Amino acid sequence: MRVRRNGPGSDDTRWDAVVVGAGFAGSLVAQRLGARGWRVLVLEAGRTAPTAGGTHLMGDAPGTSVVDQWQRCWDHPNLYAVGCGSMPSLGTSNPSLTMAALALRSAERIHQDLLALRRPAALSAPSPPSSPPSSSPSEPS
Ligand SMILES: Cc1cc2nc3c(=O)[nH]c(=O)nc-3n(C[C@H](O)[C@H](O)[C@H](O)COP(=O)(O)OP(=O)(O)OC[C@H]3O[C@@H](n4cnc5c(N)ncnc54)[C@H](O)[C@@H]3O)c2cc1C
């Protein structure tokens, strides 16, 4: 995945998707969409409390849940709430691996949504950066 930081003077403010929260689920969705060639903006507040289960309940009807089986908000089709908050209950073991599977499933669905919107994205994985000159150390991404 290509990581790009927009600094002062940058005029590149076009994004195909915005991921709010780079926790476990958000990072997976951002990585998967970025690998598909979509331009993803990630906004991370940092130092927030862990997401509690059930805060954006997943279900099969808008009257009794916030998101559907794809973690898409019933009320806003272009808004997904992906994370452990979709879980109606938590068992005795940690939910992270189940959430990872659900997040990757949501990312695929978002990818299909973006294709349907015919967003003008370069739908190919970005080419690897060329080798830096041997005299200058490579910058961590
Ligand atoms: C102490 C502790 C230990 C754990 N140990 C394990 C373990 O060993 N194994 C395991 O499987 N699970 C473990 N878990 C559970 C695991 O951390 C969660 O299941 C997982 O992180 C949930 O992922 P998530 O993406 O739903 O939410 P999170 O990982 O909480 O991600 C949400 C992100 O959104 C950000 N955010 C929140 N609000 C905003 C905002 N307004 N704007 C921008 N960003 C925002 C947060 O800073 C955070 O980075 C542990 C949890 C805790 C608290």
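Residues numbered from 1 in each chain as written. Predicted model: local features only at pLDDT ≥ 70, side-chain atom pairs only at ≥ 80, totals over all residues.

Asks: Is there a simple way to think about the overall build of the chain in this case?
Replies: In terms of helices and strands, the chain carries 2 helices and 2 strands. By residue count, 23% of the 141 residues in the chain fall in the buried class. Summarising the internal contacts of the chain: among those between residues at least 6 apart in sequence, 60% fall at separations of at least 24. (Helix = DSSP H or I, 4+ residues; strand = E, 2+ residues; numbered from the N terminus. Buried ≥ 20, exposed ≤ 12 C-beta atoms within 10 Å, placed from the backbone. Contact = placed C-beta atoms within 7 Å.)

Asks: How should I be thinking about the site of the ligand in this particular structure?
Replies: The ligand sits among 20 residues. The nearest are Gly21, Gly23, Gly83, Asn94 and Ser96. Looking at the shell around the ligand, the elements with two or more residues in it are helix 1 (24-35) and helix 2 (96-116). With 3 residues, helix 1 is the single largest residue contributor to the shell around the ligand. The class makeup of the residues in the shell around the ligand is 10 nonpolar, 9 polar and 1 charged. (Near = placed C-beta within 6 Å. Nonpolar A, V, L, I, M, F, W, Y, C, P; charged D, E, K, R; others polar.)

Asks: Quick question: what am I supposed to make of the packing of helix 1 against helix 2 here?
Replies: When two helices pack together, their arrangement is captured by the angle between the axes and the distance separating the axes. The interhelical angle for the contact between helix 1 and helix 2, taken along N-to-C directions, is 35°, at an axis separation of 9 Å. Note that helix 1 runs across helix 2; the crossing there is right-handed. Contact residues: helix 1 offers Phe24, Ala25, Leu28, Val29, Arg32 and Leu33, while helix 2 offers Ser96, Met99, Ala100, Ala103, Leu104, Ser106, Ala107, Ile110 and His111. A class-by-class count of the residues in the contact of helix 1 with helix 2 yields 11 nonpolar, 3 polar and 1 charged. (Axes fitted to C-alpha atoms, helices over the stretch in contact; angles between N-to-C directions. Left-handed = near helix turned anticlockwise from the far one by under 90°.)

Asks: What should I look at first to understand unusual backbone geometry in this one?
Replies: Generally, phi is negative for residues other than glycine and the peptide bonds are trans, each holding for most cases. The residue Arg47 is not glycine, and still its phi comes out positive at about 55°. Its place among the elements puts Arg47 in the loop between strand 2 (40-43) and helix 2. Positioned with a positive phi, Gln71 is a non-glycine residue whose angle comes to about 65°. Its 26 C-beta neighbours within 10 Å are what place Gln71 among the buried residues.

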